[in-house]
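The chain contents come next:
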Amino acid sequence: MFWHMIIKTLIRQKNKMLMIAFTVVLGVSLSTAMMNVMLGVGDKVNRELKVYGANITVRHKDAALMSDLYGLEGQGVNDKFLHEDDVLKLKSIFWGFNILDFAPILEGRVSFNGVDTAIIGTWPEKNTTLPTGEELHTGLKALRTWWEVNGQWLGEDDDDSVMVGHILADQNKISVNDKITLTANGQSKIFTVKGIFNDGGNSDSKILMTLPSAQAMMNLSGRVSAIEVSALTTPDNDLARKAAQDPRSLSPDEYETWYCTAYVSAICHQIQEVIRDGVAKPVRQVAESEGTILNKTTLLMVLITILSAIGSSLAISNLITASVIERSQELGLLKALGAYNWQIVLLVLAEVMITGLAGGVVGYFVGIGFAQVIGQTVFGSYIEIARMVILIVAVILFFVTLFGSIPAIRYLTALKPTEVLHGK
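Predicted, not measured: the structure shown is a model, and the values here were computed from it. (Residues numbered from 1 in each chain as written. Predicted model: local features only at pLDDT ≥ 70, side-chain atom pairs only at ≥ 80, totals over all residues. Heavy atoms only, no water.)

**Student:** In this structure, what is going on with the overall build of the protein chain? I would like to understand it.
**Tutor:** What the protein chain contains, in helices and strands, is 14 helices and 14 strands. Buried positions account for 46% of the 424 residues belonging to the protein chain. Taking contacts inside the protein chain between residues at least 6 apart in sequence as the whole, the part at least 24 apart equals 75%. Put simply, the protein chain shows about 21600 Å² of open surface, and 59% of that area lies on carbon and sulfur atoms. (Helix = DSSP H or I, 4+ residues; strand = E, 2+ residues; numbered from the N terminus. Buried < 20%, exposed > 50% of the residue type's maximum accessible area, 1.4 Å probe, protein only. Contact = heavy atoms within 4.5 Å. Areas by Shrake-Rupley, 256 points an atom, 1.4 Å probe, with all protein chains shown as cover.)

Structural data, given as C-alpha cells:
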C-alpha cells in the first residue's frame, strides 16, 4: 500500500516531481563539476603558473651566504661554483617527477666593443635520456616563456650563436644575423646573433649563450653559478613553515610527513642532498603566489558548491511545499483515517527522496561532463574523476533534500483534518 501510494503520487504529480528532479540535476551537476575540478585542479593550476618562471634557485653555499648577508651576486663575489655534472641529479630526488623544468646558469663578464658586458651561459634546450630511461626535455626556454624574441631561440648545439637583450642591441644597433666579437681571458670569438630578446628585467642588457660557450670563454669547464628550478609544490602549512626554519626540530612522524609531501621546503631539502655544496632556496614571490592562488581558487569552488546547495534547497523547499498544499485534502484524509504524522512525513520524504535520487544520478553524470568542459577550456586537459565525489554528492543531496523538506514537514504536522476536509 505504501509503495502503491508513492507510485500513484509520482505519476499524478509528475510535473512537480520533474521540476524537483530538474532542480536537483542543476545543483548536483554544479557541485559535481566544482568538486572534481577542485580536487584535480592543483597540479593544473601550478602548471599554468609555471609561465612565471622558476620557483627554486640553487647556488653554492658560499655564494648564497654573500647574497644573504651583503646582497652581492654574480661573478667576482667568490670563486665557488656548482658542478654541471650534478644538475641532472635533480630528477633523482624523491619528488623528481614534480620538477618540471630546470636550467643551469653561468654568469660572467666579457668585453664587447670595448665595454664590460654581462653574459649568461645556460642550456637553452636540453634533450637527453636519464639512467632511469626517462626522456628529459628541459632548458631555459621552458623557464622564460614570457620572453619576446625577435629571431629564434638558441638551440642545444648553437655554440657559435648568441641571443642579445634588446637594450644592449638598441645601444649597439645590433640586428638578427649580425656578427659580434666577444673577448674574455685573452681570447676572442665571433658569434652570430640568432635572436634579440625582451625579458623586461636586468637580462635585457646581457648576452645569452650556450653553457659550453660561456664555460670556454670563462675558463670554467664543468662549472655553473646557479640552477633555476621549476617544481610543482603544495601550499605551505604550519608543518612546512616549521620545517623551513629547521628540519631537525621535527619529530620523526612530522619529518616523514613533511619529507613525503611536495612542500617547497621539502623539495629544496632534497635538492641539497644531491647537489654538492648547494643551497636551494624558494623564490618566495613565485612560490607563495602559487599557493595563494591555488587556495583562493579552491575557496571559490567551495563557495560555489555551497551556494548551489543552498539555492537547490530553497527551490526544492518551494516545490515540495506547493505540492503538499495541493494535496492537503488527501493528506488530511489520511490523518482522519488514523495515520500518524510520522507516517505521512515518511510518505512525503520517500516521494521526494526517490525523485531527488533520480535527479542526483542524472546530475552527477551531467556534472562530470561540465568538469571535462572546464578542464578542456581552461587547462587544455581532462579532469581526473575523483571517486570520493560520489559520496560527497550523495551526502549533499541527502541534506539538501531533507532541509528543503522542512517547511513542508512543519505544514504537515500542523495540518488539521477537520479544516482541510471542509475546504478551509
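**Student:** So what exactly am I meant to see when it comes to the packing of helix H8 (residues 252-259) against helix H9 (residues 264-274) here?
**Tutor:** In a packed pair of helices, the relevant descriptors are the angle between the two axes and the axis-to-axis distance. With their axes 9 Å apart at the nearest point, H8 and H9 run at an angle of 90° to one another. By the angle class used here, H8 and H9 are roughly perpendicular. Residues Tyr255, Trp258 and Tyr259 of H8 lie in contact with H9, whose contacting residues are Ser265, Ala266, His269, Gln270 and Glu273. Of the residues contributing to the contact of H8 with H9, the split by class is 4 nonpolar, 3 polar and 1 charged. (Axes fitted to C-alpha atoms, helices over the stretch in contact; angles between N-to-C directions. Parallel < 35°, antiparallel > 145°, perpendicular 65-115°, else oblique. Nonpolar A, V, L, I, M, F, W, Y, C, P; charged D, E, K, R; others polar.)

**Student:** Whenever I open this one, the nonpolar core confuses me. Can you help?
**Tutor:** Here is a general trend for soluble globular proteins: nonpolar side chains tend to be buried in one another's company. By size, the foremost hydrophobic cluster in this structure holds 46 residues, and its most contacted members are Ile56, Val58, Ile180, Leu182, Met209 and Ile271. When residues of this core are assigned to their parent elements, the largest contribution, 5 residues, is made by strand S3 (residues 99-112). Setting aside residues no more than four positions away along its own chain, Leu182 makes contact with Val110, Ser111, Phe112, Gln187, Ser188, Lys189, Phe191, Ile207, Met209 and Met217. Core analysis: the next-biggest nonpolar cluster, separate from the first, contains 20 residues, Met17, Leu319, Val389 and Leu397 among them. (Core = buried A, V, L, I, M, F, W, Y, C linked by side-chain atoms within 4.5 Å.)

**Student:** Sorry, what's going on with the side chain of Ser225 here?
**Tutor:** Looking at the secondary structure, you find Ser225 in the loop between strand S12 (223-224) and strand S13 (226-231). Classification of Ser225 by relative accessible area gives buried; the value is 15%. Of the polar contacts made by the side chain of Ser225, one reaches the backbone nitrogen of Glu107; its length is 3.1 Å. (Polar contact = N/O pair within 3.5 Å; in protein donor to acceptor, adjacent residues only side chain to side chain.)

**Student:** How should I be thinking about the side chain of Thr122 in this particular structure?
**Tutor:** When you line up the elements, Thr122 lands in strand S4 (residues 115-122). In this structure the side chain of Thr122 is engaged in a polar contact, spanning 2.8 Å, whose partner is the backbone oxygen of Pro104. If near-sequence neighbours (up to four positions away) are discounted, Thr122 is found in contact with Ala103, Pro104, Ile105, Leu140, Leu208, Met209, Thr210 and Leu211.

**Student:** Sorry if this is basic, but what is going on with the pattern of salt bridges here?
**Tutor:** Working definition: two side chains of opposite charge can pair if their charged atoms are close together. Applying the stated rule across the entire model yields 12 salt bridges. Put simply, Asp86 and Arg276 hold a salt bridge, and the shortest N to O gap is 2.9 Å. In this pair, Asp86 is assigned in the loop between strand S2 (82-83) and S3 and Arg276 in the loop between H9 and strand S14 (278-282), connecting sequence segments 190 residues apart. By relative accessible area, which is 41% here, Arg276 ends up partly exposed. Residues Asp246 and Arg248 are paired through a salt bridge, measuring 3.2 Å at the closest nitrogen-oxygen approach. One connected set of salt bridges, linked through shared partners, spans Asp86, Lys89 and Arg276. (Salt bridge = Lys/Arg side-chain N within 4 Å of Asp/Glu carboxyl O.)

**Student:** Looking at this structure, I do not really get the packing of aromatic side chains. What am I missing?
**Tutor:** Any aromatic ring pair is given by two values, namely how distant the centres are and how the planes are angled relative to each other. Counted under the stated rule, the structure contains 10 aromatic pairs. Aromatic pair Tyr255 and Tyr259: ring centres 5.7 Å apart, planes at 25°, arrangement stacked. A residue pair is termed a helical-turn pair when its members lie 3 or 4 positions apart in one helix, as Tyr255 and Tyr259 do in helix H8 at 4 residues. Residue class for Tyr255 comes out partly exposed when judged on its relative accessible area of 30%. Each ring, one from Tyr364 and one from Phe365, has its centre 5.4 Å from the other, and the planes form 80°; the classification is edge-to-face. Assessed through its relative accessible area of 57%, Phe365 is described here as exposed. The structure contains a cluster of three or more aromatic residues connected by ring pairs, namely Phe94, Trp95, Tyr255, Trp258 and Tyr259. Lys126 extends its terminal NZ or CZ atom over the ring of Trp123, reaching a point 4.9 Å from the ring centre. (Phe/Tyr/Trp six-rings, centres within 6.5 Å; stacked < 30°, edge-to-face > 60°. Lys NZ or Arg CZ within 6 Å of the ring centre and 35° of its normal.)

**Student:** Is there a simple way to explain helix H6 (residues 211-218) in this structure?
**Tutor:** Burial analysis of H6 places 6 of its 8 residues in the buried class, which makes it a mostly covered element. Among all positions of H6, only Leu211, Ser213, Ala214, Gln215, Met217 and Met218 are buried. Tucked inside the fold, the buried residues of H6 contact S3, S4, strand S9 (179-184), strand S10 (187-198), strand S11 (207-210) and S12. Phi for Asn219, located one or two positions after H6, is positive at around 55°.

**Student:** Can you walk me through the pairing of strand S8 (residues 161-165) in this structure?
**Tutor:** Along any regular strand the residues' side chains alternate between the sheet's two faces. Counting buried residues in S8 gives 5 out of 5 residues, a clear majority hidden from the surface. Neither face of S8 is left uncovered, since the one carrying Ser161, Met163 and Gly165 and the one carrying Val162 and Val164 both have all their residues buried. Of the strand pairs in this sheet, S8 and S10 are connected by 5 bridges, and their pairing is parallel. Bridge pairing links Gly165 to Phe197 in S10. As defined by bridge partners, S8 adjoins S11 across 3 bridges and the pair is classed as antiparallel. Bridge pairing in S11 links Val162 to Met209. (Pairing = 2+ DSSP bridges.)

**Student:** So what exactly am I meant to see when it comes to the pairing of strand S5 (residues 126-129) here?
**Tutor:** The pairing of S5 with strand S6 (residues 135-138) spans 4 bridges and is antiparallel. Bridge pairing in S6 links Thr128 to Leu136.

**Student:** How do you make sense of the environment of Met19 when you look at a structure like this?
**Tutor:** Its place among the elements puts Met19 in helix H2 (residues 14-49). The class of Met19 is partly exposed, set by a relative accessible area of 43%. When the C-alpha atoms of Met19 and Leu319 are compared, they prove to be 7.7 Å apart, with 300 residues separating the residues in sequence.

**Student:** Honestly, the packing of helix H7 (residues 238-245) against H8 in this entry has me stumped. Any pointers?
**Tutor:** Where H7 contacts H8, the axes come no closer than 10 Å and their chain directions differ by 100°. One element, H7, and the other, H8, form an angle in the roughly perpendicular class. On the side of H7, the interface is formed by Leu239, Ala240, Lys242 and Ala243, while H8 contributes Glu254, Thr257 and Trp258. Here the contact of H7 with H8 is built from residues that sort into 4 nonpolar, 1 polar and 2 charged.

Remember that the coordinates give geometry; whether it matters functionally is a separate question.
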